[in-house]
Amino acid sequence: MKDEIQQIQTDAVAAIGAAPDENCLDQARVAFLGKKGRLTAASAGMRSLSKEEKPVVGQLLNTARTVITDALEKRRATLQDAADRAALAGIDLTLPARPVHPGGLHPLTIVKDEAVRILRRLGFAIAAGPEIETEFHCFDALNTPADHPARNEKDTFYFDSGKLLRTHTSTVQIRTMETQAPPVRIIAPGSAYRRDEIDATHLSVFNQLEGLYVAEDVNLPDLKGTLEYFYQSLFGRDTELQFRPHFFPFTEPSFEIDIKLHTRGQRPRWIEIAGCGMVDPAVFEEICKSRGDDLYHPDKVTGFAFGMGLDRLAMIRWGIRDIRLLIENDTRFLRQFA
Ligand code: PHE
């Protein structure tokens with residue numbers, strides 16, 4: 001019996017070493033270690049052995065099983081190696097790689113991110129509202145009378161339902177105050193829509209950034225300081241600003257902000273960059289009515305608001321002459337910002 005086991009082990013190792021592929025290897029495993037395999041059959045002979053012989057033969061059987069299992073493992077690894085090498089044989093690793101073009105951010109995204117980062121530093125949180133709006137949120141609650149030109153069919157996209165595409169992000173001022181108690185300090189970047197003729201400085205869809213700060217005792221110097229800090233962070237420390245008195249229905253007093261633009265080869269000139277002002281008490285009264293409480297009563301809170309065109313900021317920042325470049329997605333233009 002000892003010789004038989006020895007013989008099985010020798011035959012198995014030889015068969016395994018000669019197996020040319022996985023399939024044959026598996027057949028060899030079954031032939032020796034399978035339920036009806038030769039080693040299994042030999043183990044069955046243990047029963048007829050004497051007490052003294054059993055441990056010796058048992059030991060031999062174990063050794064044979066280990067040797068055969070190891071041989072199987074080794075051969076499998078060798079076959080796998082050969083298969084891997086064959087798969088790589090046709091590949092020339094010295095060929096130059098295909099160039100990978102990394103993406104880049106759109107210039108509008110770059111200015112928006114930067115504007116948001118600066119204002120978040122001052123404690124403004126991001127807010128949002130729908131682009132399809134009610135006349136109430138876009139005009140009435142913002143103290144805009146029924147005959148105001150901005151409400152005209154010629155200037156605003158209306159739906160048959162009476163809803164409209166918001167003409168400015170100031171709607172988010174209303175939506176925020178309707179749902180949050182003061183103090184609020186929010187910014188809302190987003191799209192706005194106007195029925196403008198499309199040309200080098202106008203699109204019918206553009207991007208704005210709205211800001212609103214309402215609390216006890218918010219005053220005009222707060223507004224000026226905030227916006228000065230903002231534009232100087234964005235365009236450089238010695239950026240000059242001017243606040244020019246203006247009119248908006250929802251702020252009083254109201255201003256337009258100009259920044260002084262220095263272009264090489266040209267005389268510096270002021271260009272308009274934002275609208276702003278102190279929230280009109282009429283807006284607070286409308287909010288109180290809509291909320292059904294007096295948390296925003298004009299005797300309790302004051303606030304400032306501002307709104308600016310992000311497309312404009314990008315154009316100034318990089319000296320872009322035509323706003324249409326921002327939506328044409330010409331990679332020759334966009335690649336410059338990547
Ligand atoms: N909503 C105004 C516009 O679109 C800008 C603005 C916002 C003015 C907030 C004052 C306060 O022109």
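Bear in mind that the values here come from a model prediction, so they are computed numbers and not experimental data.

Draft legend 1. Up close: the site of the ligand. In the neighbourhood of the ligand, 14 residues make up the surrounding shell, with His168, Ser170, Arg194, Gln208 and Gly307 lying closest. A distance of 2.9 Å separates a nitrogen atom of the ligand from a polar atom in the side chain of Ser170. Gln208 places a side-chain nitrogen or oxygen 3.0 Å from an oxygen atom of the ligand. A total of 320 Å² of accessible area belongs to the ligand in isolation, and the protein chains cover 90% of it. If you list the elements that add at least two residues to the shell around the ligand, you get β5 (205-215), β8 (269-279) and β9 (302-309). Per-element tally for the shell around the ligand: the top contributor is β9, with three residues. Split into classes, the residues belonging to the shell around the ligand amount to five nonpolar, seven polar and two charged.

Draft legend 2. Examining the packing of helix α5 (residues 107-121) against helix α10 (residues 310-318) more closely. At a minimum axis distance of 9 Å, the contact between α5 and α10 shows a crossing angle of 100°. The angle between α5 and α10 falls in the class roughly perpendicular. Counting all contacts with α5, which are made through Pro107, Leu108, Ile110, Val111, Lys112 and Glu114, the residues of α10 involved are Leu310, Asp311, Leu313, Ala314, Arg317 and Trp318. Each residue belonging to the contact of α5 with α10 can be placed in one class, and the counts come to eight nonpolar, no polar and four charged.

Draft legend 3. Highlighting the pattern of salt bridges. As enumerated under the stated definition, the model contains 16 salt bridges in all. The closest approach of N and O atoms between Arg324 and Asp322, which form a salt bridge, is 2.8 Å. Relative accessible area serves as the criterion here: at 29%, Arg324 is assigned to the partly exposed category. Three or more residues are tied together by salt bridges with common partners; here these are Glu22, Glu73 and Arg76.

Draft legend 4. Highlighting the sheet that holds strand β6 (residues 241-248). The strand order β1-β4-β5-β9-β8-β7-β6 describes an open sheet built from seven strands, whose pairing is mixed. Pairing within the sheet leaves two strands with one partner each, and these edge strands are β1 (125-126) and β6. Against the sheet, α10 engages β4 (184-193), β5, β7 (251-261), β8 and β9, with an angle of about 60° to β9.

Draft legend 5. Quick peek at helix α1 (residues 2-18). Relative to the 24 Å expected for 17 residues at 1.5 Å per residue, α1 spans 25 Å between its end C-alpha atoms, a close match to the ideal helical length. Among all positions in α1, only Ile5, Ile8, Gln9, Ala12 and Ile16 are buried. For α1, the arc enclosing every buried residue in end-on projection is 100°, short of the 170-degree limit, so these residues lie on one face. Of the exposed residues in α1, those oriented more than 90 degrees away from the buried face are Asp3 and Ala18. Contacts from the buried residues of α1 go to α2 (22-33), α3 (38-44) and α4 (53-88).

Draft legend 6. Local environment of the environment of Tyr193. The residue Tyr193 is located in strand β4 in this model. On a C-alpha basis, the gap between Tyr193 and Ile8 in space is 86 Å, while along the polypeptide they are 185 residues apart. Filtering out sequence-adjacent residues up to four positions away, Tyr193 remains in contact with Glu131, Phe157, Leu165, Arg166, Thr167, Ser204, Val205 and Phe206. A polar contact is formed between the side chain of Tyr193 and the side chain of Glu131, at a distance of 2.4 Å.

Draft legend 7. Inspection of the environment of Val184 at higher detail. Secondary-structure assignment places Val184 in strand β4. Of the residues examined, Val184 reaches a relative accessible area of 3% and is grouped as buried. Measuring from C-alpha to C-alpha, the distance between Val184 and Val214 comes to 5.3 Å, with 30 residues separating the pair along the chain. Beyond its immediate stretch of four places on either side in the chain, Val184 contacts Thr176, Leu212, Tyr213, Val214 and Tyr296.

Draft legend 8. Broad picture of the packing of aromatic side chains. Considering all chains together, one arrives at ten aromatic pairs under this definition. For the pair Trp318 and Phe337, a centre-to-centre distance of 5.0 Å together with 75° between the ring planes defines the contact as edge-to-face. A residue pair is termed long-range when its members are at least 10 positions apart, and Trp318 in helix α10 and Phe337 in the segment after α12 (331-334) qualify at 19 residues. Look at Trp318 and you get partly exposed, because its relative accessible area is 31%. With relative accessibility at 16%, the residue Phe337 sits in the buried group. Cluster of aromatic residues (ring-pair linked, three or more members): Phe124, Tyr213, Phe304 and Phe306.

Draft legend 9. Expanded view of unusual backbone geometry. Following Pro182, the chain continues into Pro183 via a peptide bond in cis, with omega recorded as 0°. Mapping Pro183 onto the fold places it in the loop between α7 (171-179) and β4. Note that the residue after Glu252, namely Pro253, is joined by a cis bond; omega there is -5°. Here Pro253 shows up in strand β7. Here the phi dihedral of Asp217 falls at roughly 60°; this positive angle occurs in a residue that is not glycine. Mapped onto the elements of the fold, Asp217 is located in the loop between β5 and α8 (220-235). Of note in the backbone geometry, Asn329 takes a positive phi value of approximately 55° without being a glycine. Structurally, Asn329 is set in the loop between α11 (325-328) and α12.

About the thresholds
Residues numbered from 1 in each chain as written. Predicted model: local features only at pLDDT ≥ 70, side-chain atom pairs only at ≥ 80, totals over all residues. Heavy atoms only, no water. Near = heavy atom within 4 Å. Polar contact = N/O pair within 3.5 Å; in protein donor to acceptor, adjacent residues only side chain to side chain. Areas by Shrake-Rupley, 256 points an atom, 1.4 Å probe, with all protein chains shown as cover. Helix = DSSP H or I, 4+ residues; strand = E, 2+ residues; numbered from the N terminus. Nonpolar A, V, L, I, M, F, W, Y, C, P; charged D, E, K, R; others polar. Axes fitted to C-alpha atoms, helices over the stretch in contact; angles between N-to-C directions. Parallel < 35°, antiparallel > 145°, perpendicular 65-115°, else oblique. Contact = heavy atoms within 4.5 Å. Salt bridge = Lys/Arg side-chain N within 4 Å of Asp/Glu carboxyl O. Buried < 20%, exposed > 50% of the residue type's maximum accessible area, 1.4 Å probe, protein only. Pairing = 2+ DSSP bridges. Expected span 1.5 Å × (residues − 1). Arc of directions from axis to C-beta. Phe/Tyr/Trp six-rings, centres within 6.5 Å; stacked < 30°, edge-to-face > 60°.

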